[in-house]
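A structural walkthrough
Residues per chain are reported as follows:
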Amino acid sequence: MDSYLDIARTVLQAARRPLNANSILEFAYKAGVVPPHLHGRTQQKTLQARLSEDILHRRQKSIFYRTEPGQFALKAFLEDPDFPAEWKEPFRARRRTRDLKRAH
């Protein structure tokens, strides 16, 4: 698995709530779980892209899902009775392929 996805899994398991990419990285740096080889100015964008790609390509096999735009959670929480019901409804993101192909 990808380092960014490992970080997301670790942080989401510890937080036990949906988080956005910025919050995931913030918690990861505080906890010291970010490997030294990861660096860059826009790590939150990379993390969000990796999570989105994992959900898109792995579909049911992905361990992540969206609770709302930009918010990610672990599928393991879907069966947890203590996890709030409003976070158990997966959000289906709209594909932007057509938007990206349009001439400006």
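See the structure shown above.
Residues numbered from 1 in each chain as written. Predicted model: local features only at pLDDT ≥ 70, side-chain atom pairs only at ≥ 80, totals over all residues. Heavy atoms only, no water.

Observations regarding the packing of helix α1 (residues 3-15) against helix α3 (residues 43-58)
Where we set the bar: Axis lines are fitted through C-alpha atoms, for helices just across the contact stretch, and the angle between N-to-C directions can take any value from 0 to 180 degrees. Helix and strand labels come from DSSP, where a helix needs a run of H or I of at least four residues and a strand needs a run of E of at least two; each type is numbered from the N terminus. By definition in this entry, angles of less than 35 degrees are roughly parallel, angles greater than 145 are roughly antiparallel, angles of 65 to 115 are roughly perpendicular, and the rest are oblique. Should any heavy atoms of two residues lie within 4.5 Å, those residues are counted as being in contact. We call Asp, Glu, Lys and Arg charged. Ala, Val, Leu, Ile, Met, Phe, Trp, Tyr, Cys and Pro are nonpolar, and the rest, Gly among them, are polar.
Remark: α1 packs on α3, axes separated minimally by 9 Å, with the N-to-C direction vectors making an angle of 90 degrees. In this view, α1 runs roughly perpendicular relative to α3, as classed from their interaxial angle. Seen from α1, the contacting residues are Tyr4, Leu5 and Ala8; seen from α3, they are Gln43, Thr46, Leu47, Arg50, Leu51 and Asp54. The residue inventory of the contact of α1 with α3, partitioned by class, reads five nonpolar, two polar and two charged.

So, the nonpolar core
In plain terms, the rule: The term nonpolar core refers to a set of buried residues drawn from Ala, Val, Leu, Ile, Met, Phe, Trp, Tyr and Cys, joined through side-chain atoms within 4.5 Å. Accessibility here uses a 1.4 Å probe with only protein chains present; expressed as a share of the type maximum, an area under 20% marks a residue as buried, one over 50% as exposed, and anything in between as partly exposed.
Ranked by internal contacts, the top residues of the largest apolar core, which has 23 residues, are Ile7, Ile24, Leu47, Leu51 and Phe64. Only α1, α2 (21-31), α3, β1 (64-68) and β2 (71-74) provide two or more residues apiece to this core. The leading source of residues in this core is α1, at six residues.

Let's talk about the packing of α2 against α3
To keep things clear, this is the line we draw: Should the near helix be turned anticlockwise from the far one by less than a right angle, the crossing is left-handed, and should it be turned clockwise, the crossing is right-handed.
Remark: α2 packs on α3, axes separated minimally by 8 Å, with the N-to-C direction vectors making an angle of 115 degrees. Judged by the angle between their axes, α2 and α3 are roughly perpendicular. Handedness of the α2/α3 crossing: right-handed. For the pair α2 and α3, the contacting residues are Ala21, Asn22, Ile24, Leu25 and Tyr29 in the first and Gln43, Gln44, Leu47, Gln48 and Leu51 in the second. When the residues that make up the contact of α2 with α3 are grouped by side-chain class, the tally is six nonpolar, four polar and no charged.

Digging into the pattern of salt bridges
The condition that has to hold: Just to be clear on terms, a salt bridge is a Lys or Arg side-chain nitrogen sitting within 4 Å of an Asp or Glu carboxyl oxygen.
Scanning the entire structure with this criterion turns up four salt bridges. Taking the shortest distance from any N to any O, the salt bridge between Asp80 and Arg16 comes out at 2.0 Å. Placement of Asp80 in the loop between β2 and α4 (97-101) and of Arg16 in the loop between α1 and α2 is noted, with a sequence separation of 64 residues between them. Its relative accessible area of 14% is what places Asp80 among the buried residues. Taking the shortest distance from any N to any O, the salt bridge between Glu26 and Lys30 comes out at 3.6 Å.

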